[in-house]
Amino acid sequence: MKKLLNTFFLLAFSLFFVTSAQAKDFIFGVLLVGPYNDHGWSQAHYEAAKEVEKELKGVKMIYIDKVNPADRPGITIPELVDDLIDKGAKLIIANSDDMKDGIKEAALEHPDIYFVHISGDDALTGKAPKNLSNLMGKMIYGKMMAGFVAAMTTKTGKIGYLGPLINDETRRLAVSAYLGARYAWVNVLHKNPSKLHFRVNWIGFWFNIPGVTADPTQVSQNFFDNGYDVVISGIDTTEALVVAGQLRKQGKKVWAIPYDYKGACSIAPDACLGVPYFNWKPGYKHFVEMAKSGHWKQEWLWMEPYWKNINDPDRSAVGFIPGPAMKPEVKRALNNFIKGLASGKIQLFKGPLYYQDGSIFLKPGQVASEKQIWYMKQLLKGMEGQSASK
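Here the structure is a predicted model, which means the values were calculated and not measured.

Let's talk about the overall build of the chain
Thought 1: For the chain, the count of helices and strands is 12 helices and 15 strands.
Thought 2: Once the C-alpha set of the chain is aligned to its principal axes, its extents read approximately 90 × 45 × 45 Å.
Thought 3: A separation of at least 24 residues holds for 68% of the contacts in the chain among residues at least 6 apart in sequence.
Thought 4: Taken as a whole, the chain presents about 17,600 Å² of accessible surface, with 54% of it coming from carbon and sulfur.
Thought 5: Both charge centroids of the chain, one from 47 positive and one from 38 negative side chains, sit 8 Å from each other.

The structure is reproduced here in structure tokens:
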């Protein structure tokens, strides 16, 4: 009997100890716009959060995925925030531009909770409460690399860009890809700039919503059917690469460049030229540590690549993984291009550059400021496709 009682008290003490330890965990919540395993944008966020949970002692991550009107009709961001707070979250990260208004509303309702909005600018413009910060990686560089590789590879001189919805962010990323392509075409291959065709087709959201967006599979197929032999993806999911992989199996010489997630090439490696990806771990870790310590400081943080090694998982917010389909000579040229970007010898956002309507974006010799790049008003002259929604 005594032995049985001792065992009971030992189990009770262990349960109390574990429960108490869990109660002391710092919990942060993540709202993911897509599925946590989408091989794209949301998976990059999910895996970064799991890495932070693993590295920081006493930290736990909880999440809600598929936070979008198609998967959760009628559900608001503040309602989902309330759910995360009820589960103990003291910091909440909202991972999509279209959560901007909802996460600001939630931050105003919960001044004792910390918030991070990915890709927004409310902390920059002064519209955010003090408990709300913004975080983004400087993917302009990753897209420059994608455009560079596309131009070095294309046999037809026709590059397609699969765009999501149209806003400042998506315009600046499409523009960055075009500038990288133009640099390779003119400065490395020494070809006539008028022979480079760079077209952007938009689907209407970050991923396919049947009946709402254009079908990204069909848009990608249309590019290839019309002689575009490289398609750069700007959406969260991998349809462009899937289609390219299918066509490769039919003997077609086509390629694609996916987006967001470092493991995306695995979908169709023989068609994948590489992937510009976000590494959210350094930014997540930064804000989790600040919130956990209670030394919160509002920030608008647009994080650079770590130029000594853009694929350093601990330090670089943006990277580029060369794909299996990239030829060795293209890889060598890409490495030189990256060195030029790192040193500042290659400056693509430098005038003269003109918007699509012919108005001046940058005067001759003028280098764009961060704000000029962030608030990209139109696509550039030389690009095909819409600059604004109809």
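Description of the domain arrangement of the chain
Thought 1: Once the domains are mapped, the chain shows domain 1 (26-137 + 280-303) and domain 2 (139-277 + 320-384).
Thought 2: The gap between the C-alpha centroids of domain 1 and domain 2 is 28 Å.
Thought 3: Of the residues lining the interface, 23 residues belong to domain 1; the matching set on domain 2 comes to 24 residues.
Thought 4: Around 1,900 Å² of area is buried between domain 1 and domain 2 when both sides are counted, 65% of it from carbon and sulfur atoms.
Thought 5: Summed over the three residues of domain 1 that lose the most area to domain 2, namely His39, Trp41 and Trp302, the buried surface amounts to 34% of that side.
Thought 6: For the pair domain 1 and domain 2, the interface holds 0 salt bridges.
Thought 7: Seen at the junction of domain 1 and domain 2, the total is 8 residue pairs in polar contact (both at pLDDT 80 or more).

Remarks on helix 4 (residues 100-109)
Thought 1: The set of residues buried in helix 4 consists of Gly102, Ile103, Lys104, Ala106 and Ala107.
Thought 2: Lining the buried residues of helix 4 we find strand 1 (26-31), helix 3 (77-86), strand 3 (89-94), strand 4 (114-118), helix 5 (122-125) and strand 5 (132-137).

A short note on the side chain of threonine 154
Thought 1: Within the secondary structure layout, threonine 154 lies in the loop between helix 6 (139-153) and strand 6 (158-163).
Thought 2: Setting aside its immediate chain neighbours within four residues, threonine 154 contacts Ile159, Trp185, Asp229 and Val230.

Some details on a negative patch on the surface
Thought 1: Negative charge collects at one region of the surface, where Glu79, Asp82, Asp86, Asp101, Glu105 and Glu109 lie side by side.
Thought 2: Of all the elements in the fold, those that place two or more residues in the negative patch are helix 3 and helix 4.
Thought 3: Mapping aspartate 82 onto the fold places it in helix 3.
Thought 4: Note on aspartate 82: relative accessible area 31%, which makes it partly exposed.

Topic: helix 10 (residues 281-293)
Thought 1: Compared with an ideal rise of 1.5 Å per residue, which puts 13 residues at 18 Å, helix 10 spans 18 Å between its outermost C-alpha atoms and is within 8% of the ideal.
Thought 2: Buried within helix 10 are the following residues: Lys281, Pro282, Gly283, Tyr284, Phe287, Val288, Met290 and Ala291.
Thought 3: After helix 10 finishes, the residue glycine 294 shows a positive phi value of roughly 80 degrees.

Overview of the pattern of salt bridges
Thought 1: The full count for this structure, using the stated rule, is 12 salt bridges.
Thought 2: The closest approach of N and O atoms between lysine 100 and aspartate 122, which form a salt bridge, is 3.8 Å. Pair noted here: lysine 100 is in helix 4 and aspartate 122 is in helix 5, with a separation of 22 residues, a long-range link.
Thought 3: Since its relative accessible area comes to 3%, aspartate 122 is described here as buried.
Thought 4: One salt bridge in this structure joins arginine 171 and aspartate 168, with 2.9 Å as the shortest N-O distance. On the criterion of helical spacing, the pair formed by arginine 171 and aspartate 168 is a turn pair, its members being 3 residues apart in helix 7 (residues 168-188).
Thought 5: Its relative accessible area of 10% is what places arginine 171 among the buried residues.
Thought 6: What you see here is one network of salt bridges that share partners, running through Glu55, Lys281, Lys285 and Asp314.

A word on the packing of helix 8 (residues 216-225) against helix 9 (residues 239-249)
Thought 1: Viewed as axis vectors pointing N to C, helix 8 and helix 9 meet at an angle of 50 degrees, and their least axial separation amounts to 8 Å. The orientation of helix 8 with respect to helix 9, classified from their angle, is oblique. Regarding helix 8 and helix 9, the two cross each other, and that crossing is right-handed. Taking contact as the criterion, the partners of Pro216, Thr217, Ser220, Gln221 and Phe224 in helix 8 are, on helix 9, Glu239, Ala240, Val243, Ala244 and Leu247.
Thought 2: For the contact of helix 8 with helix 9, the class distribution of residues is 6 nonpolar, 3 polar and 1 charged.

Procedures and definitions
- Residues numbered from 1 in each chain as written.
- Predicted model: local features only at pLDDT ≥ 70, side-chain atom pairs only at ≥ 80, totals over all residues.
- Heavy atoms only, no water.
- Helix = DSSP H or I, 4+ residues; strand = E, 2+ residues; numbered from the N terminus.
- Contact = heavy atoms within 4.5 Å.
- Areas by Shrake-Rupley, 256 points an atom, 1.4 Å probe, with all protein chains shown as cover.
- Lys, Arg positive; Asp, Glu negative; His and termini not counted.
- Charge placed at Lys NZ, Arg CZ, Asp CG, Glu CD.
- Domains from an automatic or database assignment.
- Buried area = accessible area lost by both parts, 1.4 Å probe.
- Salt bridge = Lys/Arg side-chain N within 4 Å of Asp/Glu carboxyl O.
- Polar contact = N/O pair within 3.5 Å; in protein donor to acceptor, adjacent residues only side chain to side chain.
- Buried < 20%, exposed > 50% of the residue type's maximum accessible area, 1.4 Å probe, protein only.
- Patch = residues over 30% accessible without salt bridge, like charges linked within 9 Å, V, L, I, M, F, W, Y side chains within 5 Å.
- Expected span 1.5 Å × (residues − 1).
- Axes fitted to C-alpha atoms, helices over the stretch in contact; angles between N-to-C directions.
- Parallel < 35°, antiparallel > 145°, perpendicular 65-115°, else oblique.
- Left-handed = near helix turned anticlockwise from the far one by under 90°.
- Nonpolar A, V, L, I, M, F, W, Y, C, P; charged D, E, K, R; others polar.

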